[in-house]
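Notes for the structure review
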Amino acid sequence: MVKKVVENFKVEYLQVMDENGKVDKKLMPNLSAKQIKEMYELMILIRTFDDKAFSMQRQGRIGTYICYKGQEASQIGSTYALNDKDWMFPMYRNTAAYIARKHPMSMILQYWSGDERGLKSPDKLNNFPLSIGVGTQEPYAVGCAWASKLKKEKNVSFVYFGDGGTSKGDFHEALNFAGVFKVPCIFICENNQYAISVPIKRQTNSETIAQKALAYGIAGIQVDGNDIFAVYKAVKEAADNARKGKGATLIESVTYRLCDHSTSDDAKRYRSDKELKQWQKKDPVDRLEKYMKANKLLNDKYKDEVAKKAKEKVEKEVRIFENIKDPDPDDIFKFTFEEMTDELKEQNEEIK
Amino acid sequence: MNVVEAINSALDNELKKDKRVIVLGEDVGVNGGVFRVTDGLQKKHGSDRVVDTPLAELGIVGASIGLAVNGMRPVAEIQFSGFMYAPFDQLFTHAARIRGRSRGRFTVPMVVRTPYGGGIRALELHCESGESFFAHATGMKVVIPSRPYDAKGLLISAIRDPDPVIFMEPMRVYRAIKEEVPETEYTVPLGKANIEHEGSDLTVISYGAMLKYTKQALEKSDYSAEIIDLRTIVPLDTETIINSVKKTGRCVIVHEAPKTCGFAAEIIARINEKCFFNLEAPVERVTGFDVAFPLAKSENHYLPSEKRILKAVDKVMK
Ligand SMILES: Cc1ncc(C[n+]2csc(CCOP(=O)(O)OP(=O)(O)O)c2C)c(N)n1
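Throughout what follows, the structure given in this document is the object of discussion. (Residues numbered from 1 in each chain as written. Chains lettered and ligands numbered in written order. Predicted model: local features only at pLDDT ≥ 70, side-chain atom pairs only at ≥ 80, totals over all residues. Heavy atoms only, no water.)

1. Details of the layout of surface pockets
All names here are of chain B. For the record, the criterion: Of the two site types, the cavity is a set of points on a 1 Å grid over the protein atoms alone where a 1.4 Å probe fits but cannot get out, and the pocket is an open set with protein on both sides within 12 Å along at least five of seven lines, each lined by residues with an atom within 4 Å of a point. Grid points are joined across faces, edges and corners, and a volume is the space filled by probe spheres set on the points. Classification used: nonpolar for Ala, Val, Leu, Ile, Met, Phe, Trp, Tyr, Cys and Pro, charged for Asp, Glu, Lys and Arg, polar for all others including Gly. Domain start and stop positions are those given by an automatic or database domain assignment.
If you add up the space inside the largest pocket, you get close to 940 Å³. Of the residues in the lining of the largest pocket, the class split is 17 nonpolar, nine polar and eight charged. Each of domain 1 (3-173) and domain 2 (194-317) gives at least three residues to the lining of the largest pocket.

What follows is the structure, encoded as structure tokens:
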């Protein structure tokens, strides 16, 4: 008889920059001053957009909108580490990632006002339409990565989901396929502590989400999702490994949504003020500002300029959005199949 | 060739012709599929192109969607159609909508093959006919061959089609029908019904495995029946149906799926819309019942029988 340990695992946590904006030089990724400024400008742009979209929903100028305040580092840090030709499979909360991936803000508003045309990816990018069904985007991201591998292309696929998106069978089947076929896929779980009102402890009894990777034979790491450098570093390494044929990685980006779940939600029903305040202290934008100030990358003048530029950009996009004409009635029939069936042509006639 | 061999031949042709084609599913590789439909294909085309996957239907279809979006032409096998409902989420939520949601930028040229139907004394969840689910879900084509020649030609069309296709294979006649099938490639177009037999007294419509048994039953009838094999239910060849019913004025529809919301209901509605005043009698349907598909000892009571088919024929001819 034998009784022995057959496997041992450890789960790493990565933080490069602490809450006061102090970085660990040994861990700091290789980023130029220009790049850091670019990241910062994006952070301000997307936060400005988020605030604007929220107020537009309240004014009835767009429909239901999903905010992402608090998750900016998680989304910008990750997209910044990837290439245009990499395949992005976002969920509804990834508007920030879309903007970082050059999806016109006017089109994003168009989508959230109920016009599907806003989802069309810019031609040179592989920005997949965001997923509304929780977790359902995980399996096909794996398939897409698998195709890249079969075609011997160096693209990676990266897919976003929330902590709630780790509870469904989709998650298991996707990670399991990714392990078995060793595909270049990066799973980015934005663990913002809640799935609407249900806390992470009700999604899983595991200490971390990252550790779930280990069961599928893929890499897993937990990062401080409010630390843009940590997210960037983890995603960059995962992408490098994927491109080298080393397979998939699950990255748990630990963050917090500082806003309601959606414009139809009231987070006060399930979260305490005290908890919210604690997380506000970890605000990813403030944190980067602290770092930049200490490292002479940011002064008041620059900060004001960035804020002003962001506001102008957003306002310009709002004007573009508001001039978009509603889709014509035929539009709903055009994209069911490549060629309209006789039956669809007949149905289309009914609304002429 | 029989139906199994014809499908194998179609896959073989397409794997040879198009590097983007990849066959994936449970036991499709080394074992050649539980019905041997993919027999020998892995040996011939390699394990990167004929792939044994984990036992995960949602994963198989989900991965196939991603493969298709990124330039491959996946042909997924779901071992039995009773296991189509976990991946139904992927089909309904994504495969059927990606063209629309991306405004044509991304598409899903994917085929999901699955054996369906009863009459082979199989286990529970191995006999269902769920074609209406897929037809009703919109955005997917639904193809159901009834014989070897069509099985090959339709499958090649399905693989080359730019949209998702559900390809339902009639298990009951997998080996029960043999006919001349060319080794070389050819296509049978999707959306075109076949007039199996011309006739003047009444129109009888069926598809899949039931076609053979419907034809057998009609041999015992003195009426001249025009027999239509739909071959695909999405898109539906409404024109062929209507032209025939206009000529005969009478119609019987036979399928083994349950009656309520079965595909016959849709056909009857179209006949009403387009040629109600040509009808000499109400349209009859002979279908499975609105019960769970019974186990082996009772399946004959469920499946449309010769007796029920002939009774329906007599009723519309009265
Ligand atoms: C399959 C599915 N079930 C339920 C819903 C309704 N719903 C929308 S968001 C949500 C919570 C998701 O939480 P999580 O995955 O953690 O992502 P987060 O919203 O926190 O970013 C629920 C239950 C849905 N969209 N899809």
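Here the narrative resumes.
2. A word on the nonpolar core
Stated formally: The term nonpolar core refers to a set of buried residues drawn from Ala, Val, Leu, Ile, Met, Phe, Trp, Tyr and Cys, joined through side-chain atoms within 4.5 Å. Only protein chains enter the accessibility calculation, which uses a 1.4 Å probe. A residue is then buried if its area is under 20% of the maximum for its type, exposed if over 50%, and partly exposed in between. We call two residues contacting when some pair of their heavy atoms lies within 4.5 Å.
Membership of the largest hydrophobic core comes to 157 residues, with the highest contact counts inside it found for Phe187 and Phe229 of chain A. Viewed by domain, this core spans two of them, domain 1 (3-173) and domain 2 (194-317) of chain B, each represented by three or more residues. Setting aside residues no more than four positions away along its own chain, Phe187 of chain A makes contact with Glu138, Val142, Val159, Phe161, Ala174, Leu175, Ala178, Ile218, Ala248, Thr249, Leu250 and Ile251 of chain A. Core analysis: the next-biggest nonpolar cluster, separate from the first, contains 32 residues, Ile7, Val28, Val37 and Phe167 of chain B among them.

3. Here we look at the pairing of strand β1 (residues 21-25) of chain B
All names here are of chain B. For the record, the criterion: Helix and strand definitions follow DSSP, with helices as H or I runs of at least four residues and strands as E runs of at least two, each counted in order from the N terminus. Pairing between strands requires that DSSP locate at least two bridges from one strand to the other.
Within β1, five of the five residues are buried, which leaves it mostly tucked inside the rest of the structure. Going residue by residue along β1, you find Val21, Val23 and Gly25 tucked away on one face and Ile22 and Leu24 tucked away on the opposite face as well. Sheet topology note: the β1/strand β3 (residues 73-77) ladder contains five bridges and is parallel. Bridging across to β3, Gly25 finds its partner in Glu77. As paired elements, β1 and strand β2 (residues 50-52) share three bridges and run parallel to each other. Bridge pairing in β2 places Leu24 opposite Val51.

4. Thoughts on a positive patch on the surface
Residue and element names in this part refer to chain A. This is how it is decided: Residues form patches when they are more than 30% accessible in relative terms and have no salt bridge. Like charges link within 9 Å. Nonpolar side chains (Val, Leu, Ile, Met, Phe, Trp, Tyr) link within 5 Å. Surface accessibility follows the Shrake-Rupley procedure with a 1.4 Å probe radius. Residue values consider only the protein chains on display as shielding. Salt bridges are defined as contacts in which a side-chain nitrogen from Lys or Arg sits within 4 Å of a carboxyl oxygen from Asp or Glu. Charge assignment in this entry is limited to Lys and Arg as positive and Asp and Glu as negative, and neither His nor the chain termini are counted. Taken as the charge location is NZ of Lys, CZ of Arg, CG of Asp or CD of Glu.
Where like charges cluster on the molecular surface, the positive patch consists of Lys309, Lys313, Lys316 and Arg319. Positionally, Lys313 belongs in helix α11 (residues 300-322). We classify Lys313 as partly exposed; its relative accessible area is 49%.

5. Brief notes about empty space enclosed by the protein
Residues and elements named next belong to chain A. If you walk through the whole model with that rule in mind, you get three cavities of 30 Å³ or more. Roughly 50 Å³ of internal volume is contained in the largest cavity. Lining the largest cavity, in full, are Thr95, Tyr98, His103, Ile108, Tyr111, Trp112, Gly118, Leu119 and Leu130. Elements with a contribution of two residues or more to the lining of the largest cavity: α3 (95-100) and α4 (105-112). For the lining of the largest cavity, the element with the highest residue contribution is α4, accounting for three residues. Each residue belonging to the lining of the largest cavity can be placed in one class, and the counts come to six nonpolar, three polar and no charged.

Any functional reading would require information beyond the geometric quantities listed.
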